[in-house]
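# Geometric and topological summary
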Amino acid sequence: MATNLALDHAFRVRGEPTKKAAVTRALQEFIARREQRQVADLFGKLDWDPGYDVKAERDRQR
C-alpha cells in the first residue's frame, strides 16, 4: 500500500539527503522515544535492595 508523506519539512529541519534517510531517521527517533518511555514508566515500580552496596560491587568487578 502506497503512503504519501510530506517530507519537505523533515528535509529542511534534519538536513537529510533523501526521502529514505528522512523516514529512516524519523522511525529511529520514534523507536528511541518509545523505549525511553518504557524505561521511564518503571520509575517508582522497582523494589530496591537496602543491603546493596554499589561501591562494593564496583570493587568486586575489578
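No experiment lies behind these values; they were computed from the predicted model shown. (Residues numbered from 1 in each chain as written. Predicted model: local features only at pLDDT ≥ 70, side-chain atom pairs only at ≥ 80, totals over all residues. Heavy atoms only, no water.)

### Details of the pattern of salt bridges
Using the criterion set out here, one finds one salt bridge in the structure. Among the ionic pairs, R25 bridges to E16, the shortest N-O distance being 3.3 Å. Exposure remark for R25: the relative accessible area of 32% places this residue in the partly exposed category. According to the relative accessible area criterion, E16 is buried, its value standing at 14%. (Salt bridge = Lys/Arg side-chain N within 4 Å of Asp/Glu carboxyl O. Buried < 20%, exposed > 50% of the residue type's maximum accessible area, 1.4 Å probe, protein only.)

### A few points about the confidence of the model for the protein
Confidence along the protein averages 82 in pLDDT terms, with 89% of residues attaining 70 or more. Of all secondary-structure elements in the protein, the lowest mean pLDDT belongs to helix α1 (residues 8–14), at 73, while helix α2 (residues 19–40) reaches the highest, 91. (pLDDT = per-residue confidence, 0-100. Helix = DSSP H or I, 4+ residues; strand = E, 2+ residues; numbered from the N terminus.)

### A look at a nonpolar patch on the surface
Residues L27, F30 and I31 make up a contiguous nonpolar surface patch of about 300 Å² in total accessible area. Structurally, F30 is set in helix α2. (Patch = residues over 30% accessible without salt bridge, like charges linked within 9 Å, V, L, I, M, F, W, Y side chains within 5 Å. Areas by Shrake-Rupley, 256 points an atom, 1.4 Å probe, with all protein chains shown as cover.)

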